[in-house]
Structures are given as C-alpha cells and as structure tokens.
Amino acid sequence: MEQTVTKNKQNAMIDELRDSMNEQERKNFNAAIIAEARALIEKGDRMMETEVMEIRKQLGDVPEILSMSYIADHYFGKSRTWLYQRINGNKVNGKPAYFTRAERKQLQDALHDVGQKLSAITLI
C-alpha cells in the first residue's frame, strides 16, 4: 500500500512538473526520459549476458554429464530446448531468453536434488 501511495505521489509530481513546462521543455523532458530508459535496458541486457556466462561457467560439464531433458521435464515441466535456451541466452521471439530469479533458484534446487540422489547411491 505504501508503495502505491508513493507511486501516486511521484506520478502527481511528474504531472505537475510537465504541466509547468512549455511544449519544447516537455519534448526535451520526454526525450531525456526515453534516453534514460534505453540506457537502463541496455545495462540490464549487459547484466543478463554476464549472468548467462556465469551460469554456464558454474554449470561446467554438468549439461554433458546429466540429462538436461530430465531436469527440464521433472523440475520445470518444460522441454530440454527451453532449458538450453536459458542456459545459453538464446534468442526466443527476437529477445534473449534468461532465467528469472525463481527459475535460477529452481535450477539450483534441482541440481542439489539430483546431487543428493547420486550421493545416496551405494553400489556393492
């Protein structure tokens, strides 16, 4: 609720500021907001690319050792292709595919679960 009130106040302040501007000032203001938004998006994309590289590095040989089809199906209810798209940051519908925070945690939990299953095996 607090966040909504804050957002409403911020929006009112922005509207008040815009109303006090002439047409050229509004155009410049809007252009500056658009430029800042683009810069933030680019920064986010660079961060996600770095994260993809880090995930691939941390996974190492795991995708070759384990069945990623099994992990994708049993832990995500998705296809192997879906999982590899996120591991590799492949473009899907023109945009790079990334894990959400929840999906990264889910992958970590899945790998830990598989690890525990492997550790529990005792062959005589």
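It should be emphasised that the depicted structure is a prediction, and the values quoted were computed from it without experimental measurement.

Reading guide: rules and limits
- Residues numbered from 1 in each chain as written.
- Predicted model: local features only at pLDDT ≥ 70, side-chain atom pairs only at ≥ 80, totals over all residues.
- Heavy atoms only, no water.
- Helix = DSSP H or I, 4+ residues; strand = E, 2+ residues; numbered from the N terminus.
- Rg over C-alpha atoms; globule rule 2.2 N^0.38 Å.
- Contact = heavy atoms within 4.5 Å.
- Areas by Shrake-Rupley, 256 points an atom, 1.4 Å probe, with all protein chains shown as cover.
- 1 Å grid on protein atoms, 1.4 Å probe; cavity = no way out; pocket = protein on both sides within 12 Å on 5 of 7 lines; lining within 4 Å.
- Points joined across faces, edges and corners; volume = space filled by probe spheres on them.
- Nonpolar A, V, L, I, M, F, W, Y, C, P; charged D, E, K, R; others polar.
- pLDDT = per-residue confidence, 0-100.
- Buried < 20%, exposed > 50% of the residue type's maximum accessible area, 1.4 Å probe, protein only.

We now examine the overall build of the chain. The helix and strand inventory of the chain stands at 6 helices and 2 strands. Reading the chain from its N end, one meets helices and strands in the order α-α-α-α-α-β-β-α. Here the C-alpha atoms of the chain give a radius of gyration of 23 Å, more than 25% beyond the 14 Å that 2.2 N^0.38 yields for 124 residues. Structurally, the chain occupies a C-alpha span of about 80 × 35 × 20 Å along its principal axes. The long-range share in the chain, meaning contacts at least 24 apart out of those at least 6 apart in sequence, stands at 49%. Accessible area of the chain: about 9800 Å², with a carbon and sulfur share of 53%.

Turning next to empty space enclosed by the protein. Considering all chains together, one arrives at 1 cavity of 30 Å³ or more under this definition. Lining the largest cavity are Met48, Glu51, Val52, Ile55, Arg86, Tyr98 and Phe99. The element best represented in the lining of the largest cavity is helix H2 (residues 23-59), accounting for 4 residues. Partitioned by chemical class, the residues of the lining of the largest cavity number 5 nonpolar, no polar and 2 charged.

Let us look at the confidence of the model for the chain. When pLDDT is averaged along the chain, the result is 88; 96% of the residues meet or exceed 70. The secondary structure element of the chain with the lowest average pLDDT is helix H1 (residues 2-19), at 80, and the one with the highest is helix H4 (residues 68-76), at 95.

This brings us to helix H5 (residues 80-88). Side chains that are three or four residues apart share a direction in an α-helix, a result of its 3.6 residues per turn. The complete set of buried residues in H5 reads Trp82, Leu83, Gln85, Arg86 and Ile87. At its buried positions, H5 is contacted by H2, H4, strand S1 (91-92) and helix H6 (101-119). Of the residues flanking the end of H5, it is Gly89, one or two places downstream, whose phi is positive at about 65°.

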